[in-house]
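Residue-level listing of the chains:
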Amino acid sequence: MRFCDIILQWFYPPRCILCGKLLPIVKQEILCNECQNTVQWKEGAVCQKCGRSIYTNEKYCERCQKANFVFEKGIAVFSYSDVRDVIAHFKFHYWKRDAVPLAKLMGDYLLTHYTELVEQTELLIPVPMYEKKQKIRGFNQSELLAKAISERIEKPYSANNLKRIRNTQPQSLLNAEQRKQNIKGAFSVENAEEIKGKTVLLIDDIFTTGTTVNECSKVLYESGAKRVLFFSLAVVESV
């Protein structure tokens, strides 16, 4: 660690990314000992389409059996209820520096549990925000995560190719059908050649109903993507 980084940590001491407990300076840890021992990673039986936990012998959850999702597969590191406060701190308290340790957790999860997928991935693309909204917040949390994950797994990412060309209402305020109409036609690709024939991993912070990810996936497939998968920090288990 560089000397200037050590000095900076005395003024802004590192904290556990999950519980906020102070961490030892210099050791470059991101989780306290307690969270390392108790963190609830997404393990066990999960839906092979959206990544939610399932409690049957089915390959897909009940929702995905009925939905017409075009993306191939989805993965999440946590259940949303386990990291709700962490995500709120990151997104709504404008704490950009949370992105790197969160992305490290995500990258390590991929490298540990989905080695083959990492090998097959050719391009990471974040789910975009509308330009004016991003200026207000100051950053796109999905872009920050995608950039740091790409460095962790050593795969390229594209920050500005997939764009949100139309402002939309917050999806959380809408029901399932309203979400579909709200997000329809909201995305476009600037450079199809960058995507053509590639396996793309879409990055987002939360997977809720899948409407946004699905609309992004449609546009990527229309632009020539070979495969589209998504990877999120958390998945909402019931919607």
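The coordinates are above.
This report concerns the structure included in the present document. (Residues numbered from 1 in each chain as written. Predicted model: local features only at pLDDT ≥ 70, side-chain atom pairs only at ≥ 80, totals over all residues. Heavy atoms only, no water.)

**Describing empty space enclosed by the protein**
- Counted by the stated rule, this structure contains 1 cavity of 30 Å³ or more.
- Within this model, the largest cavity holds a volume of roughly 50 Å³.
- What lines the largest cavity is simply Lys-42, Val-46, Cys-47, Gly-51, Lys-73, Gly-74, Ile-75, Ala-76, Tyr-109 and Tyr-114.
- If one sorts the elements of the lining of the largest cavity by residue count, strand β1 (residues 73–79) sits on top with 4 residues.
- The residue makeup of the lining of the largest cavity, split by class, is 6 nonpolar, 2 polar and 2 charged. (1 Å grid on protein atoms, 1.4 Å probe; cavity = no way out; pocket = protein on both sides within 12 Å on 5 of 7 lines; lining within 4 Å. Points joined across faces, edges and corners; volume = space filled by probe spheres on them. Helix = DSSP H or I, 4+ residues; strand = E, 2+ residues; numbered from the N terminus. Nonpolar A, V, L, I, M, F, W, Y, C, P; charged D, E, K, R; others polar.)

**Some words on the environment of Gln-141**
- Checked against the element boundaries, Gln-141 lands in helix α8 (residues 141–153).
- By relative accessible area, Gln-141 is classed as buried at 6%.
- Sequence separation between Gln-141 and Asp-204 is 63 residues; the distance between their C-alpha atoms is 7.9 Å. (Buried < 20%, exposed > 50% of the residue type's maximum accessible area, 1.4 Å probe, protein only.)

**Focus on the side chain of Ser-79**
- Of note, Ser-79 is situated in strand β1.
- On the accessibility criterion, Ser-79 (11% relative accessible area) is buried.
- Within polar-contact distance, the side chain of Ser-79 engages the side chain of Glu-237 at 2.6 Å.
- Every residue in contact with Ser-79, bar those within four places of it in the chain, is listed here: Lys-42, Ala-234, Val-235 and Glu-237. (Polar contact = N/O pair within 3.5 Å; in protein donor to acceptor, adjacent residues only side chain to side chain. Contact = heavy atoms within 4.5 Å.)

**Quick notes on the pattern of salt bridges**
- With the rule as written, the count across this model stands at 8 salt bridges.
- As a salt-bridge pair, Glu-237 and Lys-42 come within 2.5 Å of each other at their nearest N and O atoms. Taken as a pair, Glu-237 in the segment after β6 (227–235) and Lys-42 in the loop between α2 (33–38) and α3 (62–66) lie far apart in primary sequence, 195 residues in all.
- By relative accessible area, which is 28% here, Glu-237 ends up partly exposed.
- Looking at Lys-42, the relative accessible area reads 6%, which means it is buried.
- Through salt bridges with shared partners, one network takes in Lys-104, Asp-108 and Arg-152. (Salt bridge = Lys/Arg side-chain N within 4 Å of Asp/Glu carboxyl O.)

The values reported here are purely geometric and, on their own, carry no functional implication.
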